[in-house]
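Understanding the architecture of this molecule
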Amino acid sequence: MPVTVLIGTQWGDEGKGKATDLLSATMDFVVRYQGGNNAGHTIVAGGHLLKLQLVPSGILYPHVTPVIADGVVVNPRVLLEEMQTLGERGIDTSRLLVSGNAHLIMPYHLELDKVTERYLGRASLGTTKRGIGPAYADKAARVGLRVQDLLDPKIFRQKLDLALKEKNAVLSKVYNRLPLDGAEIAEAYLELGERLRSHVADTSGILYRALRAGKHVMLEGAQGTLLDLDHGTYPFVTSSNPVAGGALSGSGLGPKEVERVIGVAKAYVTRVGSGPFPTEDTGPAGTQMSEKGHERGTNTGRVRRCGWLDAVLLRYAARINGLTELFVTKLDVLSGLEAVRICVAYRYEGREYEDFPPHQSIVHKAEPVYEDVKGWSEELDAVTRFAELPDAARAYVARMQELVDVPVRFVSIGPAREQTLEVPAA
Ligand code: IMP
């Protein structure tokens, strides 16, 4: 069962790129299974700072086959631009495989993402405006175009004409925008499709056969558990399923293949965009997290909201994903705080909730119940072994593990590949 699933346990931006990059060394395939170029992975390797939105970070290892699987929504222009940037840095992208079943983000999806957000006004979700929601909506409505359609101009034009008739009516009559030109879109997309042709493959079949041959596969989630369409803080979520269950449907593999489910958790919490965030801290501690942690979106450049570690959320993520271990990131950012807070429960109308509350109003209005643990003053970036961490930092990790009841296997203390500490089993 050599499949490892790696997912975000919070609202995205947990540092999954770094975790994937580290673990890719032992993998044969690294697979993106949901989302699109709303994600942003920052990786520091070999002196390069790389920002990837769509291509799996495993691309950096020549022995890894990176895969964009069925559940992803692909903007072909963005994908080819990213491949070109990687190529210019000397990174070979010829191994990249893209599922023919993956849906395409079309120009009208980008347009609709912008106008619907504007239309929602104060109730807007704060999307990345990359057309993600509208592309998944079309997939569910069965009017989406897929990567395989790019390889068949006649079918592509037929499907586009059908979709565009409705999209243009909505854009012009509801949102007062100019209609889009179908011939122009077809010409541009079919040309992009030709450039992608050699990468299009039956990725689910390839992965299945690779597993039979004893290869190792990592399914790499984008966004995080609380942004999941079904299990997140709806409607302030993305339009796909980042959770471990989504990894299977999104890549076309069965549950028996999975051996490890690694949850990536930042040592504190951040959130981009709108929605509830019980442990948000807008005081000096939140400012430290924001500044020291460089908490600005890789993708949209937006400043991230910051707050204390939330064990209620982490326990929920452990349950929803069936986590087998935790990969804790950015512990170094908390250095210098006198006390570090962990939210152990939510309080609402006199009742305490240790488990994630089942009703949205509770999450929106909950007051966090904090436990304060001792902080540490030492900077951690030069530490090379877990045992060398200050006692208080180790105690913080131990408390996190205890509260979530999932072993912490790795602790990251800086952006570089080397700045990751393996936690010895207790
Ligand atoms: P969408 O995915 O662009 O539709 O955005 C929906 C929500 O998910 C917004 O609150 C975004 O800020 C958030 N979101 C989407 N992708 C990411 C990500 O990679 N990291 C953090 N938040 C994200």
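Attention here is on the structure that accompanies the text. (Residues numbered from 1 in each chain as written. Predicted model: local features only at pLDDT ≥ 70, side-chain atom pairs only at ≥ 80, totals over all residues. Heavy atoms only, no water.)

Structural notes on the overall build of the protein chain
Basically, it comes down to this: Counting from the N terminus, the helices are the DSSP runs of H or I reaching at least four residues and the strands are the DSSP runs of E reaching at least two. Values of the radius of gyration come from C-alpha atoms, whereas the globule rule sets the reference at 2.2 Å times the count of residues to the power 0.38. Only protein chains enter the area calculation, which uses a 1.4 Å probe; residues under 20% of their type maximum are buried, those over 50% are exposed, and those in between are partly exposed. The criterion used for residue contact is that any of the two residues' heavy atoms lie within 4.5 Å. Calculation of accessible area relied on Shrake-Rupley with a 1.4 Å probe; when residues are assessed, cover is drawn exclusively from the protein chains displayed. We count Lys and Arg on the positive side and Asp and Glu on the negative side, and we leave His and both chain ends out. Working definition for charges: the position is that of NZ of Lys, CZ of Arg, CG of Asp or CD of Glu.
The secondary structure content of the protein chain amounts to twelve helices and 20 strands. Here the C-alpha atoms of the protein chain give a radius of gyration of 22 Å, agreeing with the 22 Å that 2.2 N^0.38 yields for 426 residues. C-alpha atoms of the protein chain, sized along the principal axes, occupy 65 × 50 × 40 Å. Here the protein chain, with 426 residues, has 58% of them falling under the buried criterion. For the protein chain, the proportion of contacts with a sequence separation of at least 24, taken over those separated by at least 6, is 77%. Summed over its atoms, the accessible surface of the protein chain is roughly 18000 Å², and 51% of this surface lies on carbon and sulfur atoms. For the protein chain, the distance from the average position of its 49 positive side-chain charges to the average position of its 52 negative side-chain charges is 4 Å.

Some words on helix α12 (residues 391-404)
Residues that lie three or four places apart on an α-helix share one face, since the helix turns once every 3.6 residues. For the record, the criterion: For a helix, the expected span equals 1.5 Å multiplied by the number of residues minus one. Relevant arc is that of directions from the helix axis to the C-beta atoms, nothing else.
End to end, α12 covers 20 Å across 14 residues, agreeing with the expected 20 Å (1.5 Å per residue, within 8%). Considered for burial, the residues of α12 that qualify are Ala392, Ala393, Tyr396, Val397, Met400, Leu403 and Val404. Down the axis of α12, the buried set is contained in an arc of 145°. They therefore lie on one face. Opposite the buried face of α12, by more than 90 degrees, sit the exposed residues Asp391 and Glu402. Asp405 sits one or two positions beyond α12 and adopts a positive phi of about 60°.

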